[in-house]
Amino acid sequence: MKRDVSLLEEFMKTRGPAPELPVTLERVSISRKVEENLWTVRTPRLERMGERVRAVSLEVELVDEEQRRYVMVAETGMFDEEFGDVVLERVRGEVEFSSGGLRFAAPKGAWNRGDGRLVFPEGVFAEEDEKTTLRAGSGWILPGGSVFLSGDVVVEWEEP
């Protein structure tokens, strides 16, 4: 796939300036190692226009250098190649830590290559287990498993 897209870009360069042509790919699965992290993205449809890539109904899996696994599913996702930012709409997922797991759902999730945080600017619902739930107006997850919540945080738990 990457070779085919590169051929199109090279063809356009030899023909001189041309308008950006959209590229649509279907049934895409991409794995890429970024620093020590292995990212895998699966989507039935990927649309590229210039530096921006849009995916629909996508699944993102990240395995970090310590073998922690993060899985996210989103209705849509937008990736900006210039800045390395990813915005996921209607995202839900699961993060595995050595101390256990955390499931979450949010209207929007944003990831920036710079600090590696997965930010939930429009609120987040999380569940540590069936007996502990969290809701917050905003929050983020840092690589390594630290979770920060702010803005009307509500924690509910059921004692054994």
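Our structure is the block above this text.
Description of the structure in this document. Quick caveat, the model's predicted, so the values are computed rather than measured.

Structural notes on empty space enclosed by the protein
- Per the counting criterion, the structure on display carries one cavity of 30 Å³ or more.
- Taken as a whole, the largest cavity encloses approximately 40 Å³ of empty space.
- What lines the largest cavity is simply Leu102, Phe104, Phe120, Val124, Ala126, Trp140, Ile141, Val147 and Leu149.
- Elements with a contribution of two residues or more to the lining of the largest cavity: strand 6 (100-111), strand 8 (124-129), strand 10 (138-141) and strand 11 (147-150).
- A class-by-class count of the residues in the lining of the largest cavity yields nine nonpolar, no polar and no charged.

With respect to the environment of lysine 33
- Within the fold, lysine 33 resides in strand 1 (residues 23-34).
- According to the relative accessible area criterion, lysine 33 is exposed, its value standing at 55%.
- A sequence separation of 29 residues divides lysine 33 from leucine 62, and the C-alpha atoms of the two residues are 9.6 Å apart.

Concerning the pattern of salt bridges
- With the rule as written, the count across this model stands at 10 salt bridges.
- Glutamate 89 is the partner of lysine 108 in a salt bridge, and the nearest nitrogen-oxygen pair spans 3.9 Å. Residue lysine 108 is found in strand 6, and its partner glutamate 89 is found in strand 5 (residues 85-97); the two are separated by 19 residues along the sequence.
- Looking at glutamate 89, the relative accessible area reads 23%, which means it is partly exposed.
- For glutamate 127, the salt bridge is made with arginine 103, and the minimal N-O distance between the two is 3.2 Å. Taken as a pair, glutamate 127 in strand 8 and arginine 103 in strand 6 lie far apart in primary sequence, 24 residues in all.
- Judged by its relative accessible area of 24%, glutamate 127 is partly exposed.
- It is possible to trace a salt-bridge network through shared partners that takes in Glu26, Arg45, Glu47 and Arg54.

Rules used in this analysis
Residues numbered from 1 in each chain as written. Predicted model: local features only at pLDDT ≥ 70, side-chain atom pairs only at ≥ 80, totals over all residues. Heavy atoms only, no water. 1 Å grid on protein atoms, 1.4 Å probe; cavity = no way out; pocket = protein on both sides within 12 Å on 5 of 7 lines; lining within 4 Å. Points joined across faces, edges and corners; volume = space filled by probe spheres on them. Helix = DSSP H or I, 4+ residues; strand = E, 2+ residues; numbered from the N terminus. Nonpolar A, V, L, I, M, F, W, Y, C, P; charged D, E, K, R; others polar. Buried < 20%, exposed > 50% of the residue type's maximum accessible area, 1.4 Å probe, protein only. Salt bridge = Lys/Arg side-chain N within 4 Å of Asp/Glu carboxyl O.

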